[in-house]
Amino acid sequence: MKKRSFAEQVYNLTSQVPKGKVTTYGAIAKKLRRPQASRAVGRILGANPHPIVVPCHRVVKSDGGLGGYTSPRGIRMKIELLTGEGVEIGDGKIDLSRFLFRDFAL
DNA sequence: AGCGCGGCTTTTC
DNA sequence: CGAAAAGCCGCGC
């Protein structure tokens, strides 16, 4: 259980984000020792083969944007989910200063 | 503020 | 099996 692929670690960190908090693609990439793989993280989360254990909607862009969301409802559902968990979104942006979760168990 | 480019992994043919 | 394309970003100018 050590040679987990990059994707496995991405899902692992994302699943660690508690309700009411969010993380960023760049942050995850950095945690995995690949600060420039932010895009890869997005692709992986987009392919999210674990939609139940991996709340990819809790992952936003490094600038506070919501990013995208591959879902039947699209980015729309992502906003609804975050707001429903307690994350306040101002003008389509999130206050990372208040909701950015950075206590990952890496 | 907006645009374009770069670097990474995964998936599919 | 090998190669190619794509993708929910990040940063700089």
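Here goes a summary of the coordinates provided.

### Some thoughts on the layout of surface pockets
The computed volume of the largest pocket comes to approximately 300 Å³. In terms of lining, the largest pocket is formed by 16 residues, of which the most central are Leu45, Gly46, Cys56, Tyr69 and Thr70. The element best represented in the lining of the largest pocket is helix 3 (residues 38-47), accounting for four residues.

### Digging into the side chain of histidine 57
If you trace the backbone, histidine 57 turns up in the loop between helix 3 and strand 2 (59-60). By relative accessible area, which is 9% here, histidine 57 ends up buried. Residue contacts for histidine 57: discarding those within four places in its chain leaves Tyr69, Lys78, Leu81, Leu82 and Glu85.

### Section: the packing of aromatic side chains
Tallied over the entire structure, the rule returns one aromatic pair. With centroids separated by 5.0 Å and ring planes inclined at 85 degrees, the aromatic side chains of phenylalanine 101 and phenylalanine 104 adopt a geometry described as edge-to-face. The pair phenylalanine 101 / phenylalanine 104 is uniform in exposure class, with both members buried.

### Here we look at the nonpolar core
Val10, Tyr11, Ile28, Val41 and Leu45 are the most contacted members of the largest nonpolar core, which totals 18 residues. Elements with a minimum of two residues in this core: helix 1 (6-16), helix 2 (25-31) and helix 3. When residues of this core are assigned to their parent elements, the largest contribution, four residues, is made by helix 1. Look past the residues within four positions of leucine 45 in its chain and what remains in contact with it is Val10, Tyr11, Thr14, Tyr25, Val54, Cys56 and Val59. Counting eight residues, the second-largest nonpolar core is a separate cluster that includes Val22, Leu82, Val87 and Ile94.

### Brief notes about the environment of aspartate 95
Mapped onto the elements, aspartate 95 comes out in the loop between strand 4 (93-94) and helix 5 (96-99). You can call aspartate 95 partly exposed: its relative accessible area is 32%. Linking aspartate 95 and lysine 31, residues 64 residues apart in sequence, is a C-alpha distance of 21 Å. The residues contacting aspartate 95, other than those within four sequence positions of it, are Glu88 and Leu100.

Conventions used here
Residues numbered from 1 in each chain as written. Chains lettered and ligands numbered in written order. Predicted model: local features only at pLDDT ≥ 70, side-chain atom pairs only at ≥ 80, totals over all residues. Heavy atoms only, no water. 1 Å grid on protein atoms, 1.4 Å probe; cavity = no way out; pocket = protein on both sides within 12 Å on 5 of 7 lines; lining within 4 Å. Points joined across faces, edges and corners; volume = space filled by probe spheres on them. Helix = DSSP H or I, 4+ residues; strand = E, 2+ residues; numbered from the N terminus. Buried < 20%, exposed > 50% of the residue type's maximum accessible area, 1.4 Å probe, protein only. Contact = heavy atoms within 4.5 Å. Phe/Tyr/Trp six-rings, centres within 6.5 Å; stacked < 30°, edge-to-face > 60°. Core = buried A, V, L, I, M, F, W, Y, C linked by side-chain atoms within 4.5 Å.

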